[in-house]
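Remarks on the overall topology
Okay, here's what each chain looks like letter by letter:
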Amino acid sequence: MLRLTDLTAGYGVAPVLRGVSLEVGKGETVTLLGPNGAGKSTLMAAITGTLLRRDGGVHLHDENLVKKSCHYIVSSGISLVPEGRLVFAPFSVEDNLRLGAIRLQGSLKERFDHVFGLFPRLAERRRQAAGTLSGGEQQMLAIGRALMSAPRLLLLDEPFLGLAPIVVLEIKKSLEKLRESGLTMLIVEQKLDIALSFASRAYVLIKGRVALSDSTANLARRTDLQDLYFALATGHA
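Residues numbered from 1 in each chain as written. Predicted model: local features only at pLDDT ≥ 70, side-chain atom pairs only at ≥ 80, totals over all residues. Heavy atoms only, no water.

So, on to the overall build of the chain. Summing up its helical and strand segments, the chain has 10 helices and 10 strands in all. Relative to its length of 237 residues, the chain is compact, with a C-alpha radius of gyration of 18 Å against a globular reference of 18 Å. Taken across its 237 residues, the chain has 50% of its residues classed as buried. Contacts in the chain between residues at least 24 apart in sequence constitute 69% of all its contacts with a sequence separation of at least 6. (Helix = DSSP H or I, 4+ residues; strand = E, 2+ residues; numbered from the N terminus. Rg over C-alpha atoms; globule rule 2.2 N^0.38 Å. Buried < 20%, exposed > 50% of the residue type's maximum accessible area, 1.4 Å probe, protein only. Contact = heavy atoms within 4.5 Å.)

A few words now on the packing of helix α3 (residues 93–100) against helix α4 (residues 108–118). With their axes 11 Å apart at the nearest point, α3 and α4 run at an angle of 120° to one another. Taken together, the axes of α3 and α4 are oblique relative to one another. When you trace α3 past α4, the crossing you get is right-handed. Where α3 approaches α4, its residues Glu94, Leu97 and Arg98 are matched on the opposing element by Leu108, Phe112, Val115 and Phe116. Taken together, the residues of the contact of α3 with α4 sort by class into five nonpolar, no polar and two charged. (Axes fitted to C-alpha atoms, helices over the stretch in contact; angles between N-to-C directions. Parallel < 35°, antiparallel > 145°, perpendicular 65-115°, else oblique. Left-handed = near helix turned anticlockwise from the far one by under 90°. Nonpolar A, V, L, I, M, F, W, Y, C, P; charged D, E, K, R; others polar.)

Moving on, we get to the environment of Met1. One can find Met1 in the segment before β1 (2–9). Under the relative-accessibility criterion, Met1 is labelled buried at 16%. Placed 64 residues apart in sequence, Met1 and Leu65 show a C-alpha to C-alpha distance of 13 Å. When sequence neighbours within four positions are dropped, the list of residues in contact with Met1 reads Val24, Gly25, Lys26, His59, Leu60, His61, Arg152, Leu153 and Thr184.

What follows deals with the side chain of Thr216. Looking at the secondary structure, you find Thr216 in helix α9 (residues 216–221). Of the polar contacts made by the side chain of Thr216, one reaches the backbone oxygen of Ala199; its length is 2.7 Å. Ignoring sequence-local partners within four residues, the contact set of Thr216 consists of Thr31, Ala195, Leu196, Ala199, Ser200, Arg201 and Ala202. (Polar contact = N/O pair within 3.5 Å; in protein donor to acceptor, adjacent residues only side chain to side chain.)

Time to look at empty space enclosed by the protein. Over the atoms a probe the size of a water molecule is rolled, and this reveals where empty space is left. What the rule picks out here adds up to one cavity of 30 Å³ or more. Put simply, the largest cavity is a space of about 40 Å³. As for the largest cavity, its lining consists of Thr31, Phe160, Ile187, Glu189, Ile194, Ala195, Phe198 and Ala199. The element contributing the most residues to the lining of the largest cavity is helix α8 (residues 192–198), with three residues. (1 Å grid on protein atoms, 1.4 Å probe; cavity = no way out; pocket = protein on both sides within 12 Å on 5 of 7 lines; lining within 4 Å. Points joined across faces, edges and corners; volume = space filled by probe spheres on them.)

In the structure shown here, the tally under the stated rule is 10 salt bridges. Its salt-bridge partner being Arg98, residue Asp95 comes within 2.9 Å of it at the nearest N-O pair. Placement of the pair is Asp95 and Arg98 together in helix α3, with a separation of three residues, close to one helical turn. A relative accessible area of 34% means that Asp95 is categorised as partly exposed. Given a relative accessible area of 34%, Arg98 falls into the partly exposed group. (Salt bridge = Lys/Arg side-chain N within 4 Å of Asp/Glu carboxyl O.)

In structure tokens form, the structure reads like this:
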């Protein structure tokens with residue numbers, strides 16, 4: 001479904017991403033690993049078109065989106081759950097979700113029912129200001145907002161960051177339901193235990209390049225994984 005070919009992107013003269021190539025198949029869940037500063041969030045921005053300085057290939061099926069606007073990319077079926085949630089604090093839960101459906105082609109009621117079925121707590125708090133929600137509830141809202149556009153590909157940038165373990169389990173169960181429904185997902189994650197148990201394949205991004213790719217089953221069996229991860233990050237592999 002998603003194919004990146006020799007993708008280069010950055011914020012200034014020097015690129016952050018340096019020839020990144022990866023693939024995510026239809027219905028697949030793939031994780032993107034890497035230390036801070038590796039370029040993971042930049043990659044998400046390059047895919048969604050919120051980063052203008054990009055070149056190479058961002059193919060959704062057979063269409064190259066690298067020169068397309070972010071609203072066109074959303075309409076094409078890609079939706080992002082950003083790092084840090086970024087909900088609209090003064091707006092109600094319902095209004096935050098409605099904003100996610102601006103490019104929706106279909107029934108708004110069906111999307112609300114889908115999100116509230118996945119996260120019943122959001123239904124209970126639908127009139128409540130987003131800024132008064134707990135961190136876990138705001139993360140549910142951020143995921144729900146991304147789902148309101150009925151995406152074919154869901155991008156999640158560190159969806160478990162800063163959450164209590166019990167909330168991590170709750171959100172992970174909801175994402176498992178999405179995976180079982182056949183939704184394609186690309187997830188940025190730093191916690192190896194979560195990433196390797198949830199996704200089917202993994203790419204390791206180091207200093208803007210793909211340093212390693214393998215199935216999560218193979219990576220989980222490696223006893224030297226932590227050492228390898230450190231060695232790749234420091235350039236001593």
